[in-house]
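Coordinate inspection notes
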There are 2 protein chains.
Amino acid sequence: MELDTLWNTAANFADSHQQVVPLTVFVAVLCFCLILGHLLEENRWVNESITALIIGLTTGTIILLISKGKSSHILRFDEEIFFIYLLPPIIFNAGFQAKKKQFFHNFFPIMLFGVVGVFISSSIVTAGSWLIFPKFGFVGLTPRDFLAIGTIFSSTDTVCTLQVLNQNDTPLLYSLVFGEGVVNDATSVVLFNAIQKLDVNRIDGWKAAGVFVDFLYLFSTSTALGIASGLVTAYMLKGLYFGRHSSIREIALMVLMAYLSYMLAELFDLSGILTVFFSGIFMSHYAWHNVTDSSRVTTKHVFAMMSFIAETFIFLYVGMDALDIEKWKMSKLSLWNAIGIYCSVMFLILLGRAAFVFPLSAISNCMDRTSTQSTPISFKHQVVIWWAGLMRGAVSIALAFKQFTHYGVPVDPVNATMVTTTAIVVVFSTLVFGFLTKPLIHYLLPQGGTNTLDRDPTITKEDMRLPLLSFEESASTNLSRAKDGLTRLMERPVYTIHSFWRRFDDAYMRPTFGGPRSDQSSP
Amino acid sequence: MELDTLWNTAANFADSHQQVVPLTVFVAVLCFCLILGHLLEENRWVNESITALIIGLTTGTIILLISKGKSSHILRFDEEIFFIYLLPPIIFNAGFQAKKKQFFHNFFPIMLFGVVGVFISSSIVTAGSWLIFPKFGFVGLTPRDFLAIGTIFSSTDTVCTLQVLNQNDTPLLYSLVFGEGVVNDATSVVLFNAIQKLDVNRIDGWKAAGVFVDFLYLFSTSTALGIASGLVTAYMLKGLYFGRHSSIREIALMVLMAYLSYMLAELFDLSGILTVFFSGIFMSHYAWHNVTDSSRVTTKHVFAMMSFIAETFIFLYVGMDALDIEKWKMSKLSLWNAIGIYCSVMFLILLGRAAFVFPLSAISNCMDRTSTQSTPISFKHQVVIWWAGLMRGAVSIALAFKQFTHYGVPVDPVNATMVTTTAIVVVFSTLVFGFLTKPLIHYLLPQGGTNTLDRDPTITKEDMRLPLLSFEESASTNLSRAKDGLTRLMERPVYTIHSFWRRFDDAYMRPTFGGPRSDQSSP
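Attention here is on the structure that accompanies the text. On a predicted model such as this, the values are computed, not experimentally measured, just so you know.

Another point: the overall build of chain A. Helices and strands together make up the secondary structure of chain A, namely 23 helices and zero strands. Long-range contacts, defined here as pairs at least 24 residues apart, represent 82% of the contacts in chain A between residues at least 6 apart. Surface accessibility of chain A: about 19200 Å² in total, with carbon and sulfur atoms responsible for 69%.

See the structure below:
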């Protein structure tokens, strides 16, 4: 129940400067990242993640030289810090800023890619690594390790592609890539946790079905908790009318409730990532409408800023960690075998993703044809979706640390190899695939890859980074935008669950939890 | 250089739930505090600090009952956490939201109270406790401990009084109490650090002078670092024009630079508290004018929110800690002797404050009479200033933990007694003096203690909590407000350093670092 023993023991090892020096250096490097990222913003080939990674690698090299090869770190990664402090703001912000209308409109394909896709991809990566790794002399992994490897290399990082895609020219594509990215992260973590509970020594059909039932249970309870926390916050903000006295309290309450929902989910062994995502969606859909104007501006920017800092922090760390000399020394593989491992993992990632994007797109198109309501996903779009999910990022690293290290330190050569492999895959995929994304999209979608700024100076990049909170939030802005970009979607009436939901929303949810009535002119 | 050993050792003691459970409970209690504080807002006798303290005491009691008298804690206080994470936002926000015009206008009396006052008060408390403590059978404190006790019980917590005072009716009083509160905190911490370096075994006149020189050195270098960091941030924001791409980056840069200045000061053994205070003042004076409108709204609210959460956190903790059964058992004093100690400390605080407020007010009035420019401080105002500084808060607790505990745990009975004494004094002064503040001010200043809301519904409490960032920030709002409330001050021309500074500011500083020209209609 207490942290006493933790701190007491830590006391013997830390004097004040041990905490101050690394924090100072890290914050200074973060500031530098921010400024460089800003200066490189014009050049959209290089995004924030790539900048942070490169600066991390550079800083790592400098520290390596200063410490004469002893260390490339400032801070040692503790995956607890990641899961308790860095991941929640990123995921909450994803939910909070999500274009909910688009997200729910494309709910079916997003879920298909984000849930079924992860199952397919991790099966392929698991099976492939099981077959290939021993050929490079890499043995010693347990069955659970192989299952974990599957989920680790199935969680995508789509930030890079989203910065190149244009949500006004290709709304469907943008919404699919964004939605899949979020659901995919959540699914990977939930699946990873389900695997942790599995008794891998006696796997049979029932056990496999057990994983799936476990997964469904985690998925539904976590979602329910997130929705509940969002609604409770909305109800409190509406009922108590905090803005009357102080908008600071409103903002504090939203931040704390979001964090509380994440921590509660973790406490009950649910998936905090899913909980906080749905908490974000429901807070922006209801709670956000019950606060004062300045609180709206503030929350929108604060959540984006926290997410931004957390993400930069992680990529910076990954860059430094990739050079960690201790892990390299600990890993016993020869150079060529190690390169073989990296290449085979990259190949499995490419294969695993191709194996679900193209078939599932076909299924999605097929389903859509029967209901005649959505634009089909063209082959070129499928290629972009495939490519967009090749980058591996923060979640992969965090899961790898959780599986293969003990508080940031791998305990044996096999684990050390897996941690370095993950770091290399993240660095390589972010740098190389990231750099190639823009040319690829330019080649495949000449109209969709063009920078909007070149043609329409009224739309700032800010708008693209921060998709509008919800369709209803500002009917005028959104209607004009909707007429521009979403013409095809808007002209067609929506007969799906979505429309039932909106009617229910208007009739019962909004009067209770807050939010304006939706514009009746748009069906 | 690394936190490795820290985390590795911690690893043996902490499994994930050990971190999750206390954090969850603490965040839930924080939310509860927020809601209750909101509900009690109408009743201005009970402020946020009092609410948090009472909830902390209640939670402590509940935990004590649940754990059957074993513990009253959720988290163990580590004074490093306080100094690295909780104090910087509170002090930065104080600087950022300070009414700079008023602050610099009353610079002389504020400095007199905040710097000279702390020296007088801590001398009296040190001497008094040296004489009185042994009479209650409390022996074993070193000379350094007595000097530390002086500074610990000289740092005030003026939040409570500020919530009752009205800055429109009594601008001079409000500015004096606010300004003194901030400078006083900084002085106490700087003096405390200067005492830590002192070789107390051979004290003579030279050594005492050495403390003063040390103090001046710390004060000036810390201030210079804070000013430099504020100006660098302003210059970067102006030169690079971050808002062009993303206002999120602007906000992140301000937050990170403020934090960096604090950490740098700590790194160089300066006073982070002074640095971050001046960084806040200069950021709001220059940098704040170089960002986009939404960033302005956001930063203003974010800093206030972080400060608010940190403060609530601390009072909540103090409430729980006051019931810590282990410290009570460790302290070997009899009940009556312990009560004697508490009463004598309270008496020394009352005496020490009276000993500088009344004489220094007389000096300040005397100086003012020669330059004929300010309203003299009336006797009733002097009583309010005296009373406003009687509450002891977060800084006292943090300094007491630094001096008398080893990472939150006192090592011997004498230290345990001092920690419990500090907790009792903080709880008692906040609750009893806090409750009595409103009646006292009502009695002494019938016009100044009235709630503005009753008379002028256009001024919200928000305005009182968040004083406008600077006079120049919004000339129209401020001018109207200035004409209402500050009539006396505005009608009289300012011939002090302040006017020279403003001319210099207009001619050189603002063109370089940003900010509008000051309104020429107000001299």
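Residues and elements named next belong to chain B. Scanning all chains against the criterion turns up 38 aromatic pairs over all chains. With centroids separated by 6.5 Å and ring planes inclined at 55°, the aromatic side chains of Phe113 and Phe356 adopt a geometry described as tilted. On the criterion of sequence distance, the pair formed by Phe113 in helix H6 (residues 107-132) and Phe356 in helix H15 (residues 335-371) is long-range, its members being 243 residues apart. Residue Phe113 is classed as buried on the basis of its relative accessible area of 1%.

Relative orientation and spacing of two packed helices are given, respectively, by the angle between their axes and the distance between those axes. All names here are of chain B. Between helix H9 (residues 171-197) and helix H12 (residues 272-285), the least distance of the axes is 8 Å, while the angle of their chain directions is 150°. Considering their axes alone, H9 and H12 lie roughly antiparallel with respect to each other. In this structure, H9 uses Val182, Asp185, Ala186, Val189 and Val190 to contact H12, whose residues at the interface are Ile273, Leu274 and Phe277. In terms of residue class, the contact of H9 with H12 is built from seven nonpolar, no polar and one charged.

This brings us to the environment of Met254 of chain B. Residues and elements named next belong to chain B. Summarising the element assignment, Met254 is placed in helix H11 (residues 247-267). Under the relative-accessibility criterion, Met254 is labelled buried at 0%. Counting along the chain gives 34 residues from Met254 to Trp288, while the straight-line C-alpha distance between them is 8.9 Å.

Attention shifts here to the packing of helix H10 (residues 205-240) of chain A against helix H12 (residues 272-285) of chain A. Residue and element names in this part refer to chain A. Across the interface, H10 lies against H12 with an axial gap of 7 Å and an inter-helix angle of 35°. In this structure, the crossing between H10 and H12 has a hand that is right-handed. Contacts from Phe219, Ser222, Thr223, Leu225, Gly226, Ile227, Ser229, Gly230, Leu231 and Thr233 in H10 reach Leu274, Thr275, Phe278, Ser279, Phe282 and Met283 in H12. Here the contact of H10 with H12 is built from residues that sort into eight nonpolar, eight polar and no charged.

Quick look at the environment of Ala234 of chain B now. Residue and element names in this part refer to chain B. Along the chain, Ala234 falls in helix H10 (residues 205-240). By relative accessible area, Ala234 is classed as buried at 0%. Sequence separation between Ala234 and Glu80 is 154 residues, and the spatial gap between their C-alpha atoms is 30 Å. Other than its neighbours up to four places away in sequence, Ala234 contacts Tyr286, Ala287, Asn290 and Phe513.

To continue, consider H10 of chain B. For H10 of chain B, spanning 36 residues, the distance from its first C-alpha to its last is 52 Å, which sits close to the expected 52 Å at 1.5 Å a residue. Positive phi appears at Tyr241 of chain B, one or two residues downstream of H10 of chain B, with a value of about 45°.

With respect to the secondary-structure elements, Gly37 of chain A resides in helix H2 (residues 16-39). Considering only alpha carbons, one finds Gly37 of chain A and Tyr259 of chain A, 222 residues apart in sequence, at a separation of 28 Å. Residue contacts for Gly37 of chain A: discarding those within four places in its chain leaves Glu48 and Thr51 of chain A together with Arg249 of chain B.

All chains considered together, the criterion is met by zero disulfides over all chains. Not engaged in a disulfide, the cysteine Cys33 of chain B finds its nearest cysteine sulfur in Cys31 of chain B; these two sulfurs lie 9.6 Å apart.

Residue and element names in this part refer to chain A. A positive phi angle, near 60°, is found at Asp269, a position not held by glycine. Position of Asp269 relative to the elements: it lies in the loop between helix H11 (247-267) and H12. Asp269 sits in the partly exposed class, given a relative accessible area of 46%.

The rules behind the values
Residues numbered from 1 in each chain as written. Chains lettered and ligands numbered in written order. Predicted model: local features only at pLDDT ≥ 70, side-chain atom pairs only at ≥ 80, totals over all residues. Heavy atoms only, no water. Helix = DSSP H or I, 4+ residues; strand = E, 2+ residues; numbered from the N terminus. Contact = heavy atoms within 4.5 Å. Areas by Shrake-Rupley, 256 points an atom, 1.4 Å probe, with all protein chains shown as cover. Phe/Tyr/Trp six-rings, centres within 6.5 Å; stacked < 30°, edge-to-face > 60°. Buried < 20%, exposed > 50% of the residue type's maximum accessible area, 1.4 Å probe, protein only. Axes fitted to C-alpha atoms, helices over the stretch in contact; angles between N-to-C directions. Parallel < 35°, antiparallel > 145°, perpendicular 65-115°, else oblique. Nonpolar A, V, L, I, M, F, W, Y, C, P; charged D, E, K, R; others polar. Left-handed = near helix turned anticlockwise from the far one by under 90°. Expected span 1.5 Å × (residues − 1). Disulfide = S-S within 2.5 Å.

Interpretation note: all reported values are geometric properties and have no functional meaning in isolation.
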